[in-house]
Amino acid sequence: MIKRLTDWLDHRTGYRDLMHEALNEPIPGGAKWRYVWGSTLTFTFFVQVITGFCLWMAYSPSATSAWESVYYIQYHMLFGWVVRGIHHFAAQAMMILLMLHLMQVVIDGAYKAPREVNFWLGLVLMQIVMFLGLTGYLLPWDQKGYYATRVATEIMGSAPLVGPYMQQLMQGGTSYGNHTLTRFFALHAGILPAMLVGFLALHIYVFRRHAIHTHSEVSVTSSKVFSIACVVIAAGIAIAKYFKLVSFPPAYAIAIIFVVLGFFAFLFGRKGKPEPESRFWPDQVLKDGVACLAVMAAILGATMYWHGAELTAPANPSEAYSAARPEWYYLFLFKFLQFEFVSQWGEMTHLGEALGAIVIPGILFGILALMPIIAYFRLGHKFNVAYLWTMIGIAGALTGIAYYEDWYGDTEEGRDFRASVAEAHRDGHRTVELAMSETGIPPEGAATLLANDPLTQGPKIFEQYCLSCHQTESRFDEFEEKPQAPGLADPANREEIFFGSRAWTQAVLTDFGGHFSSLANITGERAEAAQAILEGSMKDWSDSNAEVLTDPENKDDYKALVEFLYTQSQRPDALAPDDAVVQRGQEIFVSGEMTKGSIDACVDCHSMHALTTQGEGNLLKFVLQEEPLSEDLQPVLTGYAGTEWLKNFIANPQAHYAGEYGNNAMPAFESQLSEHDLEMVSRWLAKDYYIAPATASHDAKPADDAPPAEDEAKEAANAE
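Note that the structure is predicted; figures quoted are calculated from it, not measured.

## Concerning the side chain of H470
By the secondary structure assignment, H470 is in the loop between α20 (454-465) and α21 (502-510). For H470, a relative accessible area of 15% gives the class buried. At a separation of 2.7 Å, a polar atom in the side chain of H470 contacts the main-chain carbonyl oxygen of P486. Setting aside residues no more than four positions away along its own chain, H470 makes contact with F462, A485, P486, G487 and L488.

Take a look at the structure:
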């Protein structure tokens, strides 16, 4: 039945002749594993085409929708993260396979006459693949891709004469934006794949015209010599490092790279047993198929392990990114340009950065392209093999050095790189959290999510304007001056706020002098006010009432008073105003009567409208009581440590907190901070920002001790 069916199909289409023509290729010396690289490259390219079409269906190339569409693919589209992960890791695999294929061609002498044209076609394909990687890196329009592309295009722009014009042509003008993205997308999804298909067809046609070239004795010998040399060099470096004869930090990394190179040289130098000639089908096809499956398994393994490709925060040109690096296969060039002698040579030759970025790489690539010509000379092939291994060794060593310095180097640049990467990851997770919230992504784009997020912007504003005075203990070493006020928060640990916390209130109540002792470091015109605070009525109140507050019999009352003050800020883990503990705290705030003894009532010095509840169920909300506990007194404690209280306090502490006759040592910031900045830093210090449910994000942090019912009540109140 099947035979009759295939006979019918062959009669109608002639497919058997076509398959015979395509697969009945002689393999001199038999099928070999070393011949699989070209097939795996072609296979990986078609994987890229298929996954690329799937991604294209959901991708939108504009500055306000590119990141958003990738976010949709990654987090909402069915198996979108799998498709994107395969596309990403297949691109990485192509670069590795490309290098292995080039090594096999050069070592086996498969570039020599009459295969010169095919070798040059392969070099063109290599350039197209590398350019595909460059153009694809920008498409997510995130911080990492945006700044990496800037580095790459700036290198391109350093080319003599035409460089600036090429850079403007690529980026679609003098700056990066929509035109840059659309041009890169057109190149990545249209022009370059079409060119690759065309050159690949030519490459296969010329390859079939001259058939497979078996490896030569010269290749075997030179590869083995190189393999032994790599092992000797690696051992020498490792021994020198072990006995501290060299102090170069990444010495072990370089030694490992030489060992890897030696291993590959050994593999390529294996002569193997002579075998009779076989056919491409089925012997070589079987080996190629197994190799393609292995490559696909590796790509899928990487996709599952890293859960798809990374997506950092949306591109923000106004925010510096110290971890701007090109993709790993351009990293050797990036490191080469950082050497001081390269800059000096550039100045000497008046070529500037173009010498290291364009001229030297161009000369080295030119030698690679001339290999078929060089091979005509007596020692030409040996020279070519040695040249290739040397270039791979240097590129590998430079890549290893760059990687080591970025991720392990104890230098300022290394620390900045790692801090920037960590910040990019953190901002990326935060953007996803905000995008998954009920408000979602606004029409202006996801970049506005972070721009209006107190948890993201508040620490930055605080670090710029506040931290030098309000130093935390972990940051003392960063400042020459001593702290002039208590530490409020550490921007590096942005989810932990000390100001307004329960511990802060306890310190104010029972150790006012110690808590504000850093005010003694204030000099100049604010020194007198600072000294008045340290010797003022609150210091006396704390000294005289601390013993009663900390009496073991008043433990619950002391806690209740702290909870009452903490509730006024409406923080996520605060108790509800109608909670019995809070109500008891309010009684003490008004009367001062404790279980054992009494304290001076707070209402004698502070005015306050206490917080209360209104409505019930989903309509429950927190409002201020109409009847004040006390009024016309300062400092004002209405909404103490909450968003509005902080905004008024930071803007003008003398007017809001101390009053006309009170003592205040903090300058007003209403003329230094915009209304937006003031709101961001106030909301951050008051913990008034979106907190993702624990199930929505691995980074989401639940409210500290608040019962679930109270969390729901607060969310309902905030929604109101």
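After that view of the structure, there is still more to cover.
## Some remarks on the packing of aromatic side chains
With the rule as written, the count across this model stands at 33 aromatic pairs. Seen from their ring centres, Y146 and Y147 are 5.1 Å apart, and the 80 degrees between their planes marks the pair as edge-to-face. On the accessibility criterion, Y146 (2% relative accessible area) is buried. Between Y404 and Y408, the ring centres sit 5.9 Å apart and the planes meet at 35 degrees, which makes this aromatic pair tilted. On the accessibility criterion, Y408 (55% relative accessible area) is exposed. Members of the aromatic cluster, joined through ring pairs, are F498, F499, W504, F512, F516, Y640, W645 and F649. Directly above the aromatic system of F339 lies the positively charged group of K335, at a separation of 5.3 Å from the ring centroid.

## Side note on the domain arrangement of the protein
According to the domain assignment, the protein contains domain 1 (34-211 + 220-272 + 283-423) and domain 2 (457-686). The gap between the C-alpha centroids of domain 1 and domain 2 is 56 Å.

## Things to note about unusual backbone geometry
Omega for the bond connecting A113 with P114 falls within 30 degrees of zero, at 10 degrees, which places this linkage in the cis form. Looking at the element boundaries, P114 is found in the loop between α5 (80-107) and α6 (116-138). Despite not being glycine, H307 shows a phi value in the positive range, around 50 degrees. Classification of H307 as partly exposed rests on a relative accessible area of 48%.

## Quick look at the confidence of the model for the protein
Scored by pLDDT, the protein has a mean of 86; 91% of the residues are at 70 or more. Throughout residues 695-720 the model reports pLDDT below 50, and contacts reaching past four residues in sequence, or to other chains, amount to 39 contacts.

## Some words on the environment of P164
Tracing the backbone through its elements, the reader meets P164 in helix α8 (residues 163-171). Accessibility expressed as a relative area gives 43% for P164, which makes it partly exposed. Not counting residues within four places of it along the chain, the set of residues in contact with P164 comprises G157 and A159.

## Regarding the nonpolar core
Ranked by internal contacts, the top residues of the largest apolar core, which has 88 residues, are L102, V106, F119, L196, M371 and L388. It is α5 that contributes the most residues to this core, 16 residues altogether. In this view, F119 contacts L102, V105, V106, Y111, L368, A369, M371 and P372; residues no more than four positions away in its chain are not counted. In terms of nonpolar packing, the next biggest core, distinct from the first, is built from 58 residues, L509, L549, F649 and M680 among them.

## Some points on the environment of F45
Along the polypeptide, F45 turns up in helix α3 (residues 37-56). Residues F45 and P28, 17 residues apart in the sequence, show an inter-C-alpha distance of 27 Å. Ignoring sequence-local partners within four residues, the contact set of F45 consists of M94, P193, L196, V197 and L200.

## Concerning the packing of α5 against α6
It is the contact of α5 with α6, at a shortest axis distance of 11 Å, that shows an interaxial angle of 165 degrees. Between α5 and α6, the angle falls in the class roughly antiparallel. Note that α5 runs across α6; the crossing there is left-handed. Contacts from M94, M95, L98, L102, V105 and V106 of α5 reach α6 at F119, L123, M126, V129 and M130. Taken together, the residues of the contact of α5 with α6 break down into eleven nonpolar, no polar and no charged.

## Some words on the side chain of D557
Within the secondary structure, D557 is located in helix α25 (residues 555-567). Taking relative accessible area as the criterion, D557 reaches 6% and is therefore assigned buried.

## Things to note about the UniProt feature "domain: Cytochrome c" (unreviewed entry) in the protein
Residues annotated by UniProt as "domain: Cytochrome c" (unreviewed entry) correspond here to residues 453-569 and 580-689. Annotation note: span residues 453-569, helix share 50%, strand share 0%, distance between end C-alpha atoms 19 Å.

## A closer look at the pairing of strand β4 (residues 621-624)
Bridge analysis of strand β3 (residues 611-614) against β4 gives four bridges, and the strand direction is antiparallel. Paired with T613 across the strands is F622, a residue of β4. Two successive antiparallel strands, β3 and β4, enclose a turn made up of six residues, where G615 displays a positive phi of approximately 80 degrees.

## Things to note about a nonpolar patch on the surface
A cluster of nonpolar residues, V117, W120, L370, I373, Y376 and F377, forms a patch on the protein surface that exposes about 630 Å² of accessible area. In this structure V117 comes out as partly exposed when scored by relative accessible area, which is 47%.

## Notes on the environment of G458
Residue position: G458 is located in helix α20. Accessibility expressed as a relative area gives 0% for G458, which makes it buried. G458 sits 391 residues away from W67 along the chain, and the two C-alpha atoms are 24 Å apart. Not counting residues within four places of it along the chain, the set of residues in contact with G458 comprises D453, M680, V681 and W684.

## Things to note about the packing of α3 against α5
Packing of α3 against α5 leaves a shortest axis separation of 9 Å and a crossing angle of 160 degrees. Looking at the two axes, α3 sits roughly antiparallel to α5. Between α3 and α5 the crossing geometry is left-handed. On α5, the residues that touch W37, G38, T40, L41, T44, F45, V47, Q48, T51, G52, C54 and L55 of α3 are V83, R84, I86, H87, A90, A91, M94, L97, L98, L100, H101 and Q104. Considering only residue class, the contact of α3 with α5 consists of 14 nonpolar, nine polar and one charged.

## Things to note about the pattern of salt bridges
Inspection of the entire model under this criterion finds 22 salt bridges. Notably, a salt bridge pairs R16 with D7, separated by 2.8 Å at the nearest N-O pair. For R16, a relative accessible area of 34% translates into the label partly exposed. Several salt bridges share partner residues, and in doing so they unite K3, D7, D10 and R16 into one network.

## Remarks on the state of the cysteines
Each disulfide consists of a covalent bond between the sulfur atoms of two cysteine residues. Using the criterion set out here, one finds zero disulfides in the structure. Cysteine C292 is unpaired, with the sulfur of C54 as its nearest cysteine sulfur at 19 Å. Owing to a relative accessible area of 11%, C292 belongs among the buried residues under this scheme. Here C605 is not disulfide-linked; the sulfur of C602 is the nearest cysteine sulfur, at 8.4 Å. Judged by its relative accessible area of 41%, C605 is partly exposed.

Basis of the calculations
- Residues numbered from 1 in each chain as written.
- Predicted model: local features only at pLDDT ≥ 70, side-chain atom pairs only at ≥ 80, totals over all residues.
- Heavy atoms only, no water.
- Helix = DSSP H or I, 4+ residues; strand = E, 2+ residues; numbered from the N terminus.
- Buried < 20%, exposed > 50% of the residue type's maximum accessible area, 1.4 Å probe, protein only.
- Polar contact = N/O pair within 3.5 Å; in protein donor to acceptor, adjacent residues only side chain to side chain.
- Contact = heavy atoms within 4.5 Å.
- Phe/Tyr/Trp six-rings, centres within 6.5 Å; stacked < 30°, edge-to-face > 60°.
- Lys NZ or Arg CZ within 6 Å of the ring centre and 35° of its normal.
- Domains from an automatic or database assignment.
- pLDDT = per-residue confidence, 0-100.
- Core = buried A, V, L, I, M, F, W, Y, C linked by side-chain atoms within 4.5 Å.
- Axes fitted to C-alpha atoms, helices over the stretch in contact; angles between N-to-C directions.
- Parallel < 35°, antiparallel > 145°, perpendicular 65-115°, else oblique.
- Left-handed = near helix turned anticlockwise from the far one by under 90°.
- Nonpolar A, V, L, I, M, F, W, Y, C, P; charged D, E, K, R; others polar.
- UniProt positions renumbered as here; feature names shortened; annotations may be inferred.
- Pairing = 2+ DSSP bridges.
- Patch = residues over 30% accessible without salt bridge, like charges linked within 9 Å, V, L, I, M, F, W, Y side chains within 5 Å.
- Areas by Shrake-Rupley, 256 points an atom, 1.4 Å probe, with all protein chains shown as cover.
- Salt bridge = Lys/Arg side-chain N within 4 Å of Asp/Glu carboxyl O.
- Disulfide = S-S within 2.5 Å.

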